[in-house]
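Spelled out from the first residue to the last, the chains are:
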Amino acid sequence: MSDAELVLRSTRVITPEGSRPAAVAVADGRITAVLPYDADLSSGVRLEDLGDDVVLPGLVDTHVHVNDPGRTHWEGFWTATRAAAAGGITTLVDMPLNSLPPTTTVDHLRTKQEVAADKAHIDVGFWGGALPDNVKDLRPLHDAGVFGFKAFLSPSGVEEFPHLDQERLARSLAEIAGFGGLLIVHAEDPHHLDTAPQRGGPRYADFLASRPRDAEDSAVAALIDQARRLDARVHVLHLSSSDALPLIAAAKADGVRITVETCPHYLTLTAEEVPDGASEFKCCPPIRESANQDLLWRALADGTIDCVVTDHSPSTADLKTDDFATAWGGISGLQLSLAAVWTAARGRGHTLEDVVRWMSTRTAALVGLDHKGAIEAGRDADFAVLAPDETFTVDPAALQHRNRVTAYAGRTLYGVVRSTWLRGERIVADGEFTAPKGRLLTRTP
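Computed from a predicted model, the values in this text were never measured in an experiment.

Pairing is parallel across the open sheet formed by three strands, whose spatial order is E6-E7-E8. Across the chains shown, the open sheet's two edge strands, defined by having one partner strand only, are strand E6 (59-64) and strand E8 (123-126). Across the sheet, the axes of successive neighbouring strands diverge by a mean angle of 20°, strand direction being ignored. Of the strand pairs in this sheet, E6 and strand E7 (residues 89-94) are connected by four bridges, and their pairing is parallel. By the bridge assignment, Val 64 is partnered in E7 with Asp 94. Packing of helix H1 (residues 77-86) onto the sheet brings it into contact with E7 and E8, and relative to E7 it is tilted by some 140°.

The next subject is unusual backbone geometry. With omega at 5°, the peptide bond leading from Asp 68 into Pro 69 counts as cis. For the bond running from Cys 284 to Pro 285, omega is -5°, close enough to zero to count as cis. With respect to the helices and strands, Pro 285 occurs in the loop between helix H9 (264-268) and helix H10 (290-302). A positive phi angle is found at Asp 311, which is not glycine, with a value near 50°.

Further remarks concern H1. In terms of burial, H1 is largely enclosed, as eight of its ten residues are buried. Residues of H1 that are buried in the fold lie against E7, helix H2 (106-116), E8, strand E16 (412-422), strand E17 (425-429) and strand E18 (432-433). A positive backbone phi angle near 90° is found at Gly 88, which sits one or two residues after H1.

Considering the arrangement of structural elements, one finds Thr 103 in the loop between E7 and H2. Relative accessible area serves as the criterion here: at 0%, Thr 103 is assigned to the buried category. Separated by 3.2 Å, the side chains of Thr 103 and Lys 112 make a polar contact. In this structure Thr 103 touches Pro 96, His 108, Leu 109, Lys 112, Trp 127, Gly 128, Gly 129 and Leu 141, once residues within four positions along its chain are discounted.

Taken as a whole and assessed by the stated rule, the structure comprises eight aromatic pairs. A centroid spacing of 5.8 Å and a plane angle of 55° characterise the contact between Tyr 204 and Phe 207, whose relative ring orientation is tilted. On the criterion of helical spacing, the pair formed by Tyr 204 and Phe 207 is a turn pair, its members being three residues apart in helix H6 (residues 204-210). This pair shows no difference in class: Tyr 204 is buried, exactly as Phe 207 is.

On to the packing of helix H3 (residues 135-143) against helix H4 (residues 166-178). Running from N to C, H3 and H4 point in directions that differ by 30°, and their axes come no closer than 10 Å. Taken together, the axis directions place H3 and H4 in an arrangement best described as roughly parallel. Between H3 and H4 the crossing geometry is right-handed. Here Val 135, Leu 138 and Arg 139 of H3 lie close against H4, whose contacting residues are Arg 171, Ser 172, Glu 175, Ile 176 and Gly 178. Taken together, the residues of the contact of H3 with H4 break down into three nonpolar, two polar and three charged.

Judged by nonpolar contacts, the single largest core of 99 residues is most densely connected at Leu 56, Phe 149, Leu 183 and Leu 239. Counting residues per element, this core draws most heavily on helix H11 (residues 337-347), which supplies seven residues. Leave out the neighbours within four places in its chain, and Leu 56 touches Ile 14, Leu 338, Leu 352, Val 356, Ile 375, Asp 382, Phe 383, Ala 384 and Leu 386. If you look at the next biggest cluster of nonpolar residues, it comprises 20 residues, including Leu 97, Val 158, Ala 364 and Leu 441.

Below, the discussion takes up the pairing of strand E3 (residues 30-36). With six bridges joining them, strand E2 (residues 18-27) and E3 adopt antiparallel strand pairing. Its bridge partner lying in E3, Ala 25 is registered against Ala 33. Count of turn residues in the E2/E3 antiparallel hairpin: two residues, of which Asp 28 carries a positive phi of about 50°.

Our next topic: the environment of Ala 377. Positionally, Ala 377 belongs in the loop between helix H12 (352-366) and strand E15 (383-393). On the accessibility criterion, Ala 377 (51% relative accessible area) is exposed. For Ala 377 and Thr 195, which are 182 residues apart along the polypeptide, the C-alpha to C-alpha distance reads 54 Å. Once residues lying within four places of it in the same chain are set aside, the contact partners of Ala 377 are Ile 31, Thr 32 and Ala 33.

Take the sheet that holds strand E10 (residues 149-152) next. A sheet is described by the order of its strands in space; here six strands give the open sequence E9-E10-E11-E12-E13-E14, paired in parallel fashion. Strand pairing shows two members of the sheet lacking a second neighbour, strand E9 (128-129) and strand E14 (307-308), which therefore form its edges. Of the pairings in the sheet, the one linking E10 to strand E11 (residues 182-186) comprises four bridges and is parallel in character. Residue pairing across strands places Ala 151 opposite Val 185, the latter belonging to E11.

Cut-offs used in this document
Residues numbered from 1 in each chain as written. Predicted model: local features only at pLDDT ≥ 70, side-chain atom pairs only at ≥ 80, totals over all residues. Heavy atoms only, no water. Pairing = 2+ DSSP bridges. Helix = DSSP H or I, 4+ residues; strand = E, 2+ residues; numbered from the N terminus. Axes fitted to C-alpha atoms, helices over the stretch in contact; angles between N-to-C directions. Contact = heavy atoms within 4.5 Å. Buried < 20%, exposed > 50% of the residue type's maximum accessible area, 1.4 Å probe, protein only. Polar contact = N/O pair within 3.5 Å; in protein donor to acceptor, adjacent residues only side chain to side chain. Phe/Tyr/Trp six-rings, centres within 6.5 Å; stacked < 30°, edge-to-face > 60°. Parallel < 35°, antiparallel > 145°, perpendicular 65-115°, else oblique. Left-handed = near helix turned anticlockwise from the far one by under 90°. Nonpolar A, V, L, I, M, F, W, Y, C, P; charged D, E, K, R; others polar. Core = buried A, V, L, I, M, F, W, Y, C linked by side-chain atoms within 4.5 Å.

None of the figures reported here should be taken as evidence of function without further support.
As structure tokens, then:
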């Protein structure tokens, strides 16, 4: 205890060995020890007694569209990282598109880093982008510290980020595999989308029919084939189709290096409850039926799905029209993701330890942030302090997102984040924020 500057004490601390009463010792922004609850404290050590509130490792969200620079009126590093901190997230990895310029060259990465540097309330890393014409830029981006590369297999929705056909996917994936990188993929097959009925209008059922499960299933199957052939490491983004799960489970059993994420909205919202015209529920791939959701939860439990991330993809309110065909597709969920997932998880018999594994430990592992994602000696002293049995009703006006459009408006959720800590400093408590203290992260070689 002699080297500790700070001790956080709680009757419930979630560690890799389980949940227990403990005192977490911190010095120089790192956890130095996880001690018994009643450990003697050295004189001069600052004690934060958190009572029965639960101490979790800060969440790591590896799928966030910050949109800064270029579309900062949609979001931005200042507002996105405040929203994340308010929700117990201490690290995010920013997607390469919806900002201008997209993160597809080293120069573009530097532009984004310069914009983020003094606005980040939490730690921020960056994905690069894989486009049809930037294979030559992939290794330089890797060497510059991006955590991997995002690709679309169908149109992205923004013209500056075109999708890869199968030939260009193979070319990019071969390059990325050659230097041991990671390709993360929006997996929907454009041919299946093109042949699906496209009616437009306010009916959610029509939108759902326009993004069928087989579009995901076909794209996932093709990605698995490419990854197997090249022995490449791939990650399926925002899986919503439960029909793809047997393909993924079989690929994992065969040794294909594939991981999979899903999102809070797929786990907590269902197609049956989406009102017509309510495009705050629109995302691609779409929120599907209740029976599909049950299978996603089962896959989380058995490890077929590895982790849960937000895919926070905001826009201005005027783009959320009542026509599902033309409304912007994206759900804002940074501030509410922990509470939304915990509310649904507890109702299905899962524990906070499960939630930590899905939203912190495995996401940190996905991007190689070995100093994040767990409460144990040597890790960053990043914490979320949670009152898990307290509820709140979602009021859009209370959100830190720049545009306060939310599919969760009016819902009652379990899990109130009391405070969030970054490297041993409390960065938000009871709605009060410190000045930005986040760092820009790069992939560890």
